[in-house]
Amino acid sequence: MGSVNVPAGKVFLLNSLHFTGPCIPKPLLFIIDGEMIAQSDPKKWENGENGVIPWLIFDQVDGLAIVGRGLLDGQGKSWWDIHCRDHAGPMMTFSNCGNVTLKSLRFRNSAQTHVLVMGSQNVYINDIKVTSPEASPNTDGIHITSSTVVSINHSDIATGDDCVSIGDQVNNLNVTFMNCGPGHGVSIGSLGRGGTEVAVENIRVWHVNFTGTTNGARIKTWPGGTGYVRGIEFFDIHFSSVQNPIIIDQFYGCAPKCVETRKGVHIEKVRYMKMSGTSATKVAMKLECSGESVPCSNLLMRDIDLSPADGIGSVSSLCSFVHGSAQGLIRPSSCL
């Protein structure tokens, strides 16, 4: 086993670091108990062929453990004040990696996404804490794309964007025992932009608390996309003053002036079970699917109890082009 140690009580100012495998020996162990901080001045960051080089990249590494009680600080405020297309990118990236463990670290104030998992498999994220201001743009906690067998457990995420965002080509993802807020919730998508074909399936979001988020359990796709989102399960979810607790939005990025199309990403086999709490908007359940040609199908609502937050008189549900069933207590009344 090879190891790298960042000792407690020490602070290290780092430029971009890129670790490329395969690595021998393996597994490779990083123990981070101290602090690692990025350059706060965007002008001091390194530039490559594709713009600013992201901060910490692990590429093609199999057998990697990053553990410890240390802090990674992206010092992102100066980036947030400039256009997002010029941002430095994710704080920590796992690209084409396998058998990865990320445990117990703290992440703060990334220029953009805090942790990116792409093209990877068997990734286990546990007991991390991610924080950035509610108004910080594009600071997703964790973004997953083109990956399989990923688990995010026992973590606290409070950011200016999605706590967890799930991109295309993701399957077998578990998000469990997480506190989310502020932020934009747990989002599957956005997917299908520019008419692309998508494939997302077997996503489980269990035992999650949403507090003061703009969304809770969200699926969002662009009109004109194709492919599928299926086998999704939201279970044992609590909402506290959440603006859109349960939402499917298949008109993302264009409403209310969407171009009419008969194409759409097919959303099917979605289960919403044991969900309760308060909605900060009058429409607590909003399921807006693509249309008659590609409706959402085989949705299940079971034991849903949503009430109005302070200042909201009553709550309702809204469905369009949705087929499914309801079981147990459903409040507000189901529109399935």
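Draft legend 1. Structural view of the packing of aromatic side chains. Summed over all chains, the structure comprises nine aromatic pairs. Summarising the aromatic geometry, the rings of F30 and F58 are spaced 5.4 Å apart at their centres and angled 85° between planes, so their arrangement reads as edge-to-face. With F30 in strand β4 (residues 28-32) and F58 in strand β8 (residues 56-59), this pair connects stretches of sequence that are 28 residues apart. Exposure remark for F30: the relative accessible area of 8% places this residue in the buried category. A ring pair is formed by W45 and W79, whose centres lie 5.4 Å apart and whose planes are at 90°; its orientation type is edge-to-face. Residue W45 is located in the loop between β5 (35-38) and β6 (47-48), and its partner W79 is located in helix α1 (residues 77-80); the two are separated by 34 residues in the primary sequence. What makes W45 buried here is its relative accessible area of 9%. Joined through ring pairs, the aromatic side chains of F19, F30, F58 and F94 make up one cluster. Sitting over the face of the ring of Y228, R230 holds its NZ or CZ atom 3.7 Å from the ring centroid.

Draft legend 2. Looking closely at the environment of G167. Tracing the chain through its elements places G167 in the loop between β19 (164-166) and β20 (170-180). Looking at G167, the relative accessible area reads 6%, which means it is buried. Placed 114 residues apart in sequence, G167 and I53 show a C-alpha to C-alpha distance of 22 Å.

Draft legend 3. Layout of the pattern of salt bridges. Within this structure, the stated rule accounts for nine salt bridges. For E233, the salt bridge identified is with R271, shortest N-O distance 3.1 Å. In this pair, E233 sits in strand β24 (residues 226-242) while R271 sits in strand β26 (residues 266-279), placing the two residues 38 residues apart along the sequence. Under the relative-accessibility criterion, E233 is labelled buried at 17%. Classification of R271 by relative accessible area gives partly exposed; the value is 33%.

Draft legend 4. Looking closely at the side chain of D249. Inspection of the secondary structure puts D249 in strand β25 (residues 246-249). Of the side chains with opposite charge, R218 comes closest to the buried, unpaired D249, at an N-O distance of 6.0 Å. One polar contact links the side chain of D249 to the main-chain amide nitrogen of Y252, over a distance of 3.4 Å. Beyond its immediate sequence surroundings of up to four residues, D249 is in contact with I219, K220, T221 and E288.

Draft legend 5. Spatial organisation of the nonpolar core. Ranked by internal contacts, the top residues of the largest apolar core, which has 84 residues, are F94 and Y272. In this structure, Y272 is in contact with I219, F234, I246, I248, L287, L299, L300, M301, R302 and I304, ignoring residues within four places of it in sequence.

Draft legend 6. Just the state of the cysteines, in detail. Counting across every chain of the model gives four disulfides. Covalently, C289 is tied to C296 through a disulfide, its sulfur atoms 1.9 Å apart. In this structure, the disulfide formed by C289 and C296 twists by about -100° around the S-S bond and is classed as left-handed. One disulfide in the model links C319 with C335; its S-S distance is 1.9 Å. Taking the sign of the torsion about the S-S bond as the criterion, the disulfide between C319 and C335, at about 60°, is right-handed. Here C319, found in strand β29 (residues 316-320), pairs with C335, found in the segment after β30 (322-331); they are 16 residues apart in sequence, far enough to count as distant. Taking relative accessible area as the criterion, C319 reaches 23% and is therefore assigned partly exposed. Looking at C335, the relative accessible area reads 30%, which means it is partly exposed. The connectivity of the disulfide-linked cysteines in the chain, indexed sequentially, is 1-2, 3-4, 5-6, 7-8.

Draft legend 7. Molecular detail of the sheet that holds strand β23 (residues 217-221). Spatially, the 11 strands line up as an open sheet ordered β3-β8-β11-β14-β17-β19-β21-β23-β25-β27-β29, and their pairing is parallel. Across the chains shown, the open sheet's two edge strands, defined by having one partner strand only, are β3 (17-20) and β29. On average, each strand axis in the sheet is inclined to that of its neighbour by 10°, with strand direction left out of account. Bridge count between β3 and β8: four bridges; the pairing is parallel.

Rules of the game
- Residues numbered from 1 in each chain as written.
- Predicted model: local features only at pLDDT ≥ 70, side-chain atom pairs only at ≥ 80, totals over all residues.
- Heavy atoms only, no water.
- Phe/Tyr/Trp six-rings, centres within 6.5 Å; stacked < 30°, edge-to-face > 60°.
- Helix = DSSP H or I, 4+ residues; strand = E, 2+ residues; numbered from the N terminus.
- Buried < 20%, exposed > 50% of the residue type's maximum accessible area, 1.4 Å probe, protein only.
- Lys NZ or Arg CZ within 6 Å of the ring centre and 35° of its normal.
- Salt bridge = Lys/Arg side-chain N within 4 Å of Asp/Glu carboxyl O.
- Lys, Arg positive; Asp, Glu negative; His and termini not counted.
- Polar contact = N/O pair within 3.5 Å; in protein donor to acceptor, adjacent residues only side chain to side chain.
- Contact = heavy atoms within 4.5 Å.
- Core = buried A, V, L, I, M, F, W, Y, C linked by side-chain atoms within 4.5 Å.
- Disulfide = S-S within 2.5 Å.
- Pairing = 2+ DSSP bridges.
- Axes fitted to C-alpha atoms, helices over the stretch in contact; angles between N-to-C directions.

In short, geometric facts, not functional conclusions.
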